[in-house]
Amino acid sequence: MARRPLIAGNWKMNGLTADGVALATALAARIRENPPAADLLVCPPATLVDRVARAVEGSGLAVGGQDCHGERSGAHTGDIAAAMLKDLGAGYVIVGHSERRTDHGETSAQVRAKAAAAHAAGLVAIVCLGETEAERDGGRTLAVVEAQFGGSLPEGATPENTVIAYEPVWAIGTGRTPTTAEVAEVHRTIRDLAEKALGSAAAARLRILYGGSMKPSNAKELLALTDVDGGLIGGASLKAEDFWAIAESAR
Ligand code: 13P
């Protein structure tokens with residue numbers, strides 16, 4: 001089953017209006033000139049979702065949030081509901097990124113609620129999972145991924161409303177990546193878990209992204225793996241040239 005790759009940029013806590021809009025506009029222009037063989041998505045900080053979505057409207061570049069609350073509305077100072085992102089033009093939201101799990105103590109149960117809230121608002125949830133270095137060194141990678149997958153995926157998840165991103169914590173922002181054999185093993189495991197949870201037809205359509213120090217020089221090799229259906233890119237998504245080169249690697 002052919003899955004159209006998704007190349008997603010997670011800008012994290014980077015960018016003010018001028019540079020964020022310029023970056024998104026540059027990507028939108030490239031897409032118009034030379035449509036890629038992948039879906040392209042940028043996830044700016046929440047403060048820029050509106051401006052970026054307006055700047056790229058109609059270009060084919062999708063826009064997403066980096067987090068949402070698990071409830072639809074209410075007394076949650078500083079939080080953002082999935083419907084608010086949707087209202088600004090977002091089509092996706094990242095949930096359960098390891099930086100959220102670490103910095104904000106988010107549990108898989110909370111991630112599951114966030115993904116369910118995203119679905120209810122009509123957003124595609126990009127559910128992140130991945131092991132720490134100590135967990136990999138302890139031989140627990142597959143067990144950790146299995147537990148996070150089981151705990152973070154809500155009822156009603158489908159390949160249309162959900163994307164999985166495997167991001168080994170120790171590979172994020174470090175320049176280090178697992179070997180292609182290690183990435184292939186984890187992605188195969190996630191596909192197997194999806195088969196059990198969603199059935200084989202749905203699992204075959206589910207997009208599973210790799211994230212963690214993906215860059216132009218290693219993207220082709222990673223994206224060529226059978227069960228790698230795109231990338232979730234941090235640092236290299238902040239430069240139009242690098243992000244575009246990664247998108248081109250998905251051809
Ligand atoms: P880097 O590409 O900077 O390693 O970040 C990956 C990531 O966390 C994307 O969500």
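Residues numbered from 1 in each chain as written. Predicted model: local features only at pLDDT ≥ 70, side-chain atom pairs only at ≥ 80, totals over all residues. Heavy atoms only, no water.

## A short note on the side chain of Gln148
Point 1. Looking at the secondary structure, you find Gln148 in helix H7 (residues 141-152).
Point 2. Under the relative-accessibility criterion, Gln148 is labelled buried at 13%.
Point 3. Within polar-contact distance, the side chain of Gln148 engages the backbone nitrogen of Gly130 at 2.8 Å. (Helix = DSSP H or I, 4+ residues; strand = E, 2+ residues; numbered from the N terminus. Buried < 20%, exposed > 50% of the residue type's maximum accessible area, 1.4 Å probe, protein only. Polar contact = N/O pair within 3.5 Å; in protein donor to acceptor, adjacent residues only side chain to side chain.)

## What to know about the environment of Arg112
Point 1. With respect to the secondary-structure elements, Arg112 resides in helix H5 (residues 108-120).
Point 2. For Arg112, a relative accessible area of 35% gives the class partly exposed.
Point 3. Remark: the alpha-carbon pair of Arg112 and Gly70, spanning 42 residues in sequence, is separated by 7.9 Å.
Point 4. Setting aside residues no more than four positions away along its own chain, Arg112 makes contact with Gly150, Gly151, Ser152, Leu153 and Pro154.
Point 5. At a separation of 3.3 Å, a polar atom in the side chain of Arg112 contacts the main-chain carbonyl oxygen of Leu153. (Contact = heavy atoms within 4.5 Å.)

## With respect to the sheet that holds strand E5 (residues 124-129)
Consider a sheet: its strands pair through backbone hydrogen bonds, and that pairing is either parallel or antiparallel.
Point 1. On the basis of which strands lie adjacent, the closed barrel formed by eight strands has the order E1-E2-E3-E4-E5-E6-E7-E8 and parallel pairing. For this sheet the average axis-to-axis angle between neighbouring strands, irrespective of direction, equals 25°.
Point 2. Bridging between strand E1 (residues 6-10) and strand E8 (residues 230-233) involves four bridges; their strand directions are parallel. By the bridge assignment, Leu6 is partnered in E8 with Gly230.
Point 3. Where H7 meets the sheet, it contacts E5 and strand E6 (162-166), and its direction lies at approximately 150° from that of E5. (Pairing = 2+ DSSP bridges. Axes fitted to C-alpha atoms, helices over the stretch in contact; angles between N-to-C directions.)

## Points about the site of the ligand
Point 1. Around the ligand sit 13 residues in total, of which Lys12, His97, Gly173, Ser213 and Gly235 are the nearest.
Point 2. In isolation the ligand has 310 Å² of accessible area, and contact with the protein removes 94% of it.
Point 3. Taken together, the residues that form the shell around the ligand break down as four nonpolar, seven polar and two charged. (Near = heavy atom within 4 Å. Areas by Shrake-Rupley, 256 points an atom, 1.4 Å probe, with all protein chains shown as cover. Nonpolar A, V, L, I, M, F, W, Y, C, P; charged D, E, K, R; others polar.)

## Focus: the pattern of salt bridges
Point 1. This structure, assessed with the given rule, holds 21 salt bridges.
Point 2. Note that Lys12 is salt-bridged to Glu99, the shortest N-O span being 2.8 Å. In this pair, Lys12 is assigned in the loop between E1 and helix H1 (17-33) and Glu99 in helix H4 (residues 98-103), connecting sequence segments 87 residues apart.
Point 3. Salt bridges sharing partners connect three or more residues here, namely Arg3, Arg188, Arg191, Asp192, Glu195, Asp227 and Asp229. (Salt bridge = Lys/Arg side-chain N within 4 Å of Asp/Glu carboxyl O.)

## Quick notes on the nonpolar core
Point 1. With 62 residues, the main nonpolar core has Ile7, Leu40, Val127, Ile164 and Ile190 as its most contacted residues.
Point 2. Core analysis: the second largest hydrophobic core is formed by 13 residues, Ala8, Leu41, Cys43 and Ile94 among them. (Core = buried A, V, L, I, M, F, W, Y, C linked by side-chain atoms within 4.5 Å.)

## Details of unusual backbone geometry
Point 1. Residues other than glycine seldom take positive phi values, yet Lys12 does so here, at roughly 55°.
Point 2. Even without being glycine, Ser213 reaches a positive phi, approximately 55°.
Point 3. On the secondary structure map, Ser213 appears in the loop between strand E7 (207-211) and helix H10 (216-223).

## So, the side chain of Arg136
Point 1. Locating Arg136 in the fold gives a position in helix H6 (residues 133-137).
Point 2. In terms of polar contacts, Arg136 uses its side chain to reach the side chain of Tyr166, at 3.4 Å.
Point 3. Excluding its chain neighbours within four sequence positions, the residues that come into contact with Arg136 are Glu131, Thr141, Tyr166, Trp170, Glu182 and Val186.

## Concerning the pairing of strand E2 (residues 39-43)
Point 1. Among the five residues of E2, four are classified as buried, and the element is accordingly described as predominantly covered.
Point 2. Direction of pairing for E1 relative to E2: parallel, over a ladder of five bridges. Pairing of Gly9 across the sheet is with Val42, part of E2.
Point 3. Note that the unit made of E1, H1 and E2 has a crossover that is right-handed.
Point 4. Of the strand pairs in this sheet, E2 and strand E3 (residues 62-65) are connected by two bridges, and their pairing is parallel. Pairing of Val42 across the sheet is with Val63, part of E3.
Point 5. One crossover worth recording links E2 to the parallel E3 by way of helix H2 (residues 49-56), and it is right-handed. (Right-handed = clockwise from strand over helix to strand, strands pointing away.)

## A closer look at the packing of H5 against H7
Point 1. Axis separation between H5 and H7 bottoms out at 7 Å; the angle between their running directions is 45°. The angle between H5 and H7 falls in the class oblique. Together, Ser108, Ala109, Val111, Arg112 and Ala115 of H5 and Gln148, Gly150, Gly151 and Ser152 of H7 make up the contact between the two elements.
Point 2. Tallied by class, residues from the contact of H5 with H7 come to three nonpolar, five polar and one charged. (Parallel < 35°, antiparallel > 145°, perpendicular 65-115°, else oblique.)

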